[in-house]
Every structure is written in structure tokens, then in C-alpha cells.
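# Coordinates in review
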Amino acid sequence: MAIVINTQADAAAGNYTINQGYVYLISAIAALGGVLFGFDMVIISGTVSFFKNHFQLDELQTGWATSFPLFVSFRMLSGVVVGAAALVCPIPS
């Protein structure tokens, strides 16, 4: 975890340590995900004219074809967030 607090008294007194390596790792992973997502959207946007002509798509079909990978990425991201929340939050017994 990023912040290590041993007791309630330590938290109140401000005696805690920050795991900077963990914070840097999580930040690097998030930045890499943003770069890859942006790169993916640029590649898809650059191919619109080619697949529109090749498959003879109208405007609605072109919009669907360009937005579908974004929709799939968002759905996968939602699953990752829910899964991570389930791992981080303790289950009450």
C-alpha cells in the first residue's frame, strides 16, 4: 500500500510512512494506460476513410465502427475498477 499506518495514535500524530516506490509504480502504470488508449484512438481515427470506402459504410455505420472499440475499452476498464475495489475493500464477516 502507499501509506503505512501502524496504529490509530500514529495516524492522529501524523507518524506514517509513504511507500514512494509503490506510488511511482501505480503512476507509471496509469500513465502507460493513458498513452496506449490515446494511441489506440489515433490509429482508429486514422483508418476511418480507408474502411469507410472499403466496406462502403454510411455515416451511422462509420460512427458505430469507430466508437465500438472505445465502448469495449470502457467496459473492460469498468470491470477492472470493480475487481480492484473488491480486492481492496475488506469483506465484512
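Described below are features of the structure shown in this document.

Criteria and thresholds
- Residues numbered from 1 in each chain as written.
- Predicted model: local features only at pLDDT ≥ 70, side-chain atom pairs only at ≥ 80, totals over all residues.
- Heavy atoms only, no water.
- Helix = DSSP H or I, 4+ residues; strand = E, 2+ residues; numbered from the N terminus.
- Buried < 20%, exposed > 50% of the residue type's maximum accessible area, 1.4 Å probe, protein only.
- Contact = heavy atoms within 4.5 Å.
- Salt bridge = Lys/Arg side-chain N within 4 Å of Asp/Glu carboxyl O.
- Phe/Tyr/Trp six-rings, centres within 6.5 Å; stacked < 30°, edge-to-face > 60°.
- Axes fitted to C-alpha atoms, helices over the stretch in contact; angles between N-to-C directions.
- Parallel < 35°, antiparallel > 145°, perpendicular 65-115°, else oblique.
- Nonpolar A, V, L, I, M, F, W, Y, C, P; charged D, E, K, R; others polar.
- Patch = residues over 30% accessible without salt bridge, like charges linked within 9 Å, V, L, I, M, F, W, Y side chains within 5 Å.
- Areas by Shrake-Rupley, 256 points an atom, 1.4 Å probe, with all protein chains shown as cover.

Below, the discussion takes up the environment of Q56. Inspection of the secondary structure puts Q56 in the loop between α3 (48-55) and α4 (59-88). Judged by relative accessible area, which is 70%, Q56 ranks as exposed. Apart from residues no more than four positions distant in its own chain, Q56 is found in contact with F51 and Q61.

Right, let's talk about the side chain of T62 for a bit. Among the structural elements, T62 can be located in helix α4. On the basis of relative accessibility, which here comes to 8%, the residue T62 falls in the buried class.

This part covers the pattern of salt bridges. Tallied over the entire structure, the rule returns one salt bridge. Here E59 and K52 are joined by a salt bridge, their closest N and O atoms 2.7 Å apart. Relative accessible area serves as the criterion here: at 59%, E59 is assigned to the exposed category. Taking the relative accessible area as the measure of exposure, K52 reaches 26% and is therefore partly exposed.

What follows is about the packing of aromatic side chains. Evaluated as defined, the whole model comprises one aromatic pair. Note on W64 and F68: the rings are 5.5 Å apart at their centroids and 45° apart in plane angle, and the pair reads as tilted. Here W64 and its partner F68 are both found in helix α4, four residues apart, which amounts to about one turn of the helix. On the basis of relative accessibility, which here comes to 56%, the residue W64 falls in the exposed class.

Let us now look at the packing of helix α2 (residues 20-46) against α3. Remark: α2 packs on α3, axes separated minimally by 5 Å, with the N-to-C direction vectors making an angle of 45°. Between α2 and α3, the crossing angle belongs to the class labelled oblique. Along its contact with α2, which presents I44, S45 and G46, the element α3 presents V48, F50 and F51. Classifying every residue of the contact of α2 with α3 gives four nonpolar, two polar and no charged.

This part is about a nonpolar patch on the surface. Together, Y16, I18, Y22, V23, L25, I26 and I29 make up a nonpolar patch on the protein surface, roughly 630 Å² of accessible area in all. Here the nonpolar patch gets five residues from one element, more than from any other, and that element is α2. The residue I29 is located in helix α2 in this model.

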